[in-house]
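A closer look at the structure
Single-letter residue listing:
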Number of protein chains: 2
Amino acid sequence: MKMLINSPGTVVEDALRGMAAAHPELAVDVVRRLVVRRDAPGAGRVGLVSGGGSGHEPLHAGFVGYGMLSAACPGEVFTSPVPDQMLGAAAAVDGGEGVLFVVKNYTGDVLNFEMAAELAEEDGIRVERVLVNDDVAVVDSLYTAGRRGTGATLFVEKIAGAAAEEGAPLEQVAAVARRVNEASRSFGVALSACTTPAKGSPTFDLPEGELELGVGIHGEPGRERRPMMTSREIAEVAVGAVLEELPGARPVLLLVNGTGATPLLELYGFNAEVQRVLAERGVPVARTLVGNYVTSLDMAGCSVTLCQADEELLRLWDAPVQTAALRWGR
Amino acid sequence: MKMLINSPGTVVEDALRGMAAAHPELAVDVVRRLVVRRDAPGAGRVGLVSGGGSGHEPLHAGFVGYGMLSAACPGEVFTSPVPDQMLGAAAAVDGGEGVLFVVKNYTGDVLNFEMAAELAEEDGIRVERVLVNDDVAVVDSLYTAGRRGTGATLFVEKIAGAAAEEGAPLEQVAAVARRVNEASRSFGVALSACTTPAKGSPTFDLPEGELELGVGIHGEPGRERRPMMTSREIAEVAVGAVLEELPGARPVLLLVNGTGATPLLELYGFNAEVQRVLAERGVPVARTLVGNYVTSLDMAGCSVTLCQADEELLRLWDAPVQTAALRWGR
């Protein structure tokens, strides 16, 4: 598999150099692998830190900025960052109001963020953690005990980031982040496998005429394989699976996410089908976001994330945000 | 090749339905295939219209909004829209100040926009046209007499859009658009071919160990095929080819563009190499944009566009923009 890289071992470092060059508004530490808001720490502002394996860009570094993350620590591709990175991020963004770690539910991330939280507390930094576990496809998985964390991470980071920007105290920012996670569920579908630079060949084998329903963002096995389906059929399965765990007809935030290699033309068409299914089920859509936000390298596919949003969550969603990958209202 | 679609014949219509659902701020006419700013026509504001074959999203419909395009008319995949669409767009956005057509240099687009301009003039709408022809790879190509129009389209639409938003008269908006095109050059590289829905298989054959230098945005042949190269080597070839036709060390706007299936992680790494080559050649980079903006469906690859920008072009580049795919400063 051909890649636009220098060598598998320098992919993350090269990307950070490129990010530094493109975004002077961010403080990028290539050696320590940290991407931090230039205006951090903010006086009277809770710090919001996330991170995880690389390969899901723009998640997380593309969400660092006004109204969203204070810092991101990228690990190697599909590999958790180390506690030192998380601790460095916490120290860089703590202005005395404490720090919230947003942690996707993968065993390595969970353990490393836990250790980093302990180290930070020893350094006198108050830390709360919120676990994102929105993927309804499977219980327990290749790298996860319990549900995996996927698309809801974007909702959690945006909405908790808005609360932090408004000056909400740590407990409140953590509470709203947990509320978003509880109100969110996702389901992903792969049309092709992804290829990590280290391996150089597809991480799993998906025959030409089949798709995988419920796939994870690292290509972890999903629920089942089926012969290729239409966009409408995929929307019915994905939305159906999500709504099974989010009953009721409350207005939702909708993320129609591409996993990397699916053209935007197809994603918008898929959004039309997702909206049709939601309308048929009587679920009002309050806001829609379509694009490649939580990706799996070059995987072709999509995921659907719904978040049942009350007035407060909607207000925080609409609040201004200014990051590399998500911007509005300012 | 698997696609997230209902059927090849409904791809554009489905995408427009999905765009309408996701972007209530746009007026999307699915039947006539028009995407128009809701506040068009603007009093005292020149209308800016572009369009072309679908499959290059977010170009052009993703660039409709405040400070950029007034309307876009998408054709079938890799096929020019028809004059009726362009005429409809012109009528929808003309508030008496006239309309500028931004036309990528492909024979079908050129002829159809020319016919639409004549029809619009008959209807009393003043029309100017600007041709975008920035691709240095080849002279004459599969669908083009002369240089192809590629990444510079984004620069032209953004900067002319800012001028229109400020209330500049038609001749002046057209002049600045032509100035941007003259100051811009591009070079593209394919690591894989793209697959159109109608064909269902790759549009050309690119062996596993090779890349194509100078490829067009529809997969048109480039300059040559070579054994796979590193990101740094590709940057040297691409930037070198562009600078040959843009001599001098004036500050540039830089677009590091993905053609669809190349992960953002790789694109940022490629940007690091592009910036390194530019620094070595003594070319200052004034602004950088990295992402999938002028795509070729699911093609893996990249392109580099440089625009030599004076103070006025930089100011218009920095001006607020609020579209589905490009937003800042407001």
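Above this text you will find the structure in question.
Residues numbered from 1 in each chain as written. Chains lettered and ligands numbered in written order. Predicted model: local features only at pLDDT ≥ 70, side-chain atom pairs only at ≥ 80, totals over all residues. Heavy atoms only, no water.

**Side note on the overall build of chain A**
Threshold: Numbered from the N terminus, helices here are DSSP runs of H or I no shorter than four residues, and strands are runs of E no shorter than two. Within these notes, the globule rule equals 2.2 Å times the number of residues to the 0.38 power, and the radius of gyration is based on C-alpha atoms. Burial classes follow relative accessibility: with a 1.4 Å probe on protein chains only, a residue under 20% of its type's maximum area counts as buried, one over 50% as exposed, and anything between as partly exposed. Contacts are residue-level and defined by heavy atoms, with any inter-residue pair within 4.5 Å sufficient.
Looking only at helices and strands, one finds eight helices and 15 strands in chain A. For chain A, the C-alpha radius of gyration of 19 Å lies close to 20 Å, the compact-globule estimate for 330 residues. Dimensions along the principal axes, computed over C-alpha positions, put chain A at roughly 55 × 50 × 35 Å. Out of the 330 residues in chain A, the part that is buried amounts to 64%. When contacts within chain A are restricted to residue pairs at least 6 apart in sequence, long-range pairs at least 24 apart make up 72% of them.

**Some details on the packing of aromatic side chains**
As a reminder, the rule being used: Stacked, tilted and edge-to-face are the three classes applied to pairs of Phe, Tyr and Trp rings, where Trp contributes its six-membered ring and a pair requires centres within 6.5 Å; stacked means planes under 30 degrees apart, edge-to-face means over 60, and tilted covers the rest.
The full count for this structure, using the stated rule, is six aromatic pairs over all chains. Between B:Trp317 and B:Trp328 the ring centres are 5.1 Å apart and the planes differ by 55 degrees, which places this aromatic pair in the tilted class. Here B:Trp317 is found in helix α8 (residues 311-318), whereas its partner B:Trp328 is found in strand β15 (residues 327-328), with 11 residues between them in sequence. Given the relative accessible area of 5%, B:Trp317 is considered buried. Counting every residue linked through ring pairs, the aromatic cluster contains A:Phe155, A:Trp317 and A:Trp328.

**Side note on the side chain of B:Lys158**
All names here are of chain B. Here is the rule: Residues scored as charged are limited to Lys and Arg (positive) and Asp and Glu (negative), so that His and the chain ends carry no count. The working definition used for a salt bridge is a side-chain nitrogen of Lys or Arg within 4 Å of a carboxyl oxygen of Asp or Glu. Polar contact is defined as a pair of N or O atoms within 3.5 Å, subject to the rule that within protein one atom must be able to donate a hydrogen and the other to accept it, and that residues adjacent in sequence are counted only when both atoms are side-chain atoms.
Considering the arrangement of structural elements, one finds Lys158 in helix α4 (residues 152-165). Here Lys158 occupies a buried position and makes no salt bridge, while the nearest side chain of opposite charge, Asp318, is found at 7.4 Å. Polar side-chain contacts of Lys158 include one of 2.8 Å to the backbone oxygen of Leu316. Beyond its immediate sequence surroundings of up to four residues, Lys158 is in contact with Gly67, Met68, Leu316, Trp317, Ala319, Pro320, Val321, Leu326 and Trp328.

**Some points on the pattern of salt bridges**
As enumerated under the stated definition, the model contains 42 salt bridges over all chains in all. Ionic pairing is found between A:Arg185 and A:Glu245, a salt bridge with its closest N-O pair at 3.7 Å. Linking A:Arg185 in strand β8 (residues 184-190) with A:Glu245 in the loop between α6 (231-244) and β11 (252-258), this pair joins segments that are 60 residues apart in sequence. According to the relative accessible area criterion, A:Glu245 is partly exposed, its value standing at 33%. Shared partners join several salt bridges into a network, and the residues in it are A:Asp14, A:Arg17, B:Arg232, B:Glu273 and B:Arg276.

**Some words on the relation of the copies chain A and chain B**
Put simply, the rule is: Superposition of the copies was done by least squares, using only C-alpha atoms of residues whose pLDDT is at least 70 in both.
Superposition record for chain A on chain B: RMSD 0.0 Å, screw rotation 180 degrees, translation along axis 0.0 Å. Here the transformation between the copies is reduced to the relation of a two-fold axis. Residues of chain A ranked by C-alpha distance from the rotation axis are headed by A:Ala261, positioned 2.0 Å from it. An overlap of 100% is found between the interface residues of chain A and their copies at the interface of chain B, pointing to a shared contact surface.

**Structural notes on unusual backbone geometry**
Residue and element names in this part refer to chain B. Residues Ala40 and Pro41 are joined by a peptide bond in cis, for which omega reads -5 degrees. Mapped onto the secondary structure, Pro41 falls in the loop between β2 (34-37) and β3 (47-54). The amide bond that connects Leu59 to the next residue, His60, takes the cis arrangement and shows omega of -5 degrees. You can see His60 is positioned in the loop between β3 and β4 (65-66). Although it is not a glycine, Phe78 adopts a positive phi angle of roughly 55 degrees.

**A closer look at the sheet that holds strand β14 (residues 321-323) of chain A**
Each strand in a sheet pairs with another by means of backbone hydrogen bonds, the pair being arranged parallel or else antiparallel. Residue and element names in this part refer to chain A. The test is simple: Paired strands, as defined in this entry, are two strands with at least two bridges between them according to DSSP.
Taken in spatial order, the three strands line up as β4-β14-β15 in an open sheet, and their pairing is antiparallel. The two strands at the open ends of the sheet, each matched to only one other strand, are β4 (65-66) and β15 (327-328). Note that β4 and β14 share two bridges and pair antiparallel. Opposite Gly65, over in β14, you have Thr323 as the bridge partner.

**Description of the environment of B:Ala71**
Residue and element names in this part refer to chain B. Examined against the element boundaries, Ala71 turns out to sit in strand β5 (residues 71-77). Expressed as a C-alpha distance, the spacing of Ala71 and Ala27, which sit 44 residues apart in the sequence, is 9.2 Å. Contacts of Ala71, omitting those with residues within four sequence positions, involve Val35, Val36, Leu48, Val49, Ser50, Val64, Ala89 and Val93.

**Brief notes about the interface of chain A and chain B**
Worth spelling out the cut-off: As used here, buried area is the combined drop in accessible area, with a 1.4 Å probe, of two parts when they are placed together.
Tallying the contact residues gives 57 residues for chain A and 57 residues for chain B. Summed over both sides, the interface between chain A and chain B buries roughly 4,500 Å², with carbon and sulfur atoms accounting for 61% of that surface. Broken down residue by residue, the surface that chain A buries against chain B is led by A:Lys2, A:Leu4 and A:Leu265, which jointly contribute 21%. Linking chain A with chain B are two salt bridges. In this structure, the salt-bridge partner of A:Arg17 is B:Glu273, at a minimum N-O distance of 2.8 Å. Between the two partners, chain A and chain B, sit 24 residue pairs in polar contact (both at pLDDT 80 or more). Of all the secondary structure elements, the ones that give two or more residues to the side of chain A that touches chain B are α1 (11-22), α6, α7 (264-280), β12 (285-291) and β15 of chain A. A total of 12 residues in the side of chain A that touches chain B trace back to one element, the largest contributor, which is α7(A).

**Description of the packing of α4(B) against helix α5 (residues 170-182) of chain B**
Residue and element names in this part refer to chain B. Going by this rule: In this analysis, axes come from line fits to C-alpha atoms, helices being fitted only over the stretch in contact, and the angle between any two N-to-C directions falls in the range 0 to 180 degrees. An angle counts as roughly parallel when it lies under 35 degrees, as roughly antiparallel when it exceeds 145, as roughly perpendicular when it falls between 65 and 115, and as oblique in every other case. Working rule for handedness: look at the near helix, and if it is turned counterclockwise from the far one by less than a right angle, call the crossing left-handed; if clockwise, right-handed. For this classification, Asp, Glu, Lys and Arg are treated as charged, while Ala, Val, Leu, Ile, Met, Phe, Trp, Tyr, Cys and Pro are nonpolar and the rest, including Gly, are polar.
α5 packs onto α4 with a crossing angle of 155 degrees between their chain directions and a minimal axis gap of 9 Å. One way to sum up the angle between α4 and α5 is to call them roughly antiparallel. Between α4 and α5 the crossing geometry is right-handed. Along the contact surface, α4 presents Phe155, Val156, Ile159, Ala160, Ala163 and Ala164, while α5 presents Val173, Val176, Ala177, Val180 and Asn181. Classifying every residue of the contact of α4 with α5 gives 10 nonpolar, one polar and no charged.

**Considerations on the sheet that holds strand β12 (residues 285-291) of chain B**
Residues and elements named next belong to chain B. Overall, mixed pairing links the six strands, which are arranged β10-β9-β8-β13-β11-β12 in an open sheet. The open sheet has two edge strands, β10 (224-227) and β12, and neither has a second partner. Each strand of the sheet is rotated relative to its neighbour by a mean of 15 degrees, with strand direction disregarded. Each of β8 (184-190) and β13 (301-308) is contacted by α5, which is oriented at about 50 degrees to β8, the strand it contacts most. Relative to β8, helix α6 (residues 231-244) is tilted by about 150 degrees, and along the sheet it contacts β8, β9 (210-213), β10 and β13.

**Things to note about the packing of helix α2 (residues 83-93) of chain B against helix α3 (residues 107-122) of chain B**
All names here are of chain B. Relative to each other, α2 and α3 sit at 45 degrees, their axes nearing to 8 Å. Classified by the angle between their axes, α2 and α3 sit oblique to one another. For the pair α2 and α3, the crossing hand works out as right-handed. Taking contact as the criterion, the partners of Pro83, Met86 and Leu87 in α2 are, on α3, Asn112, Phe113, Met115, Ala116, Leu119 and Ala120. For the contact of α2 with α3, the residue count by class is eight nonpolar, one polar and no charged.

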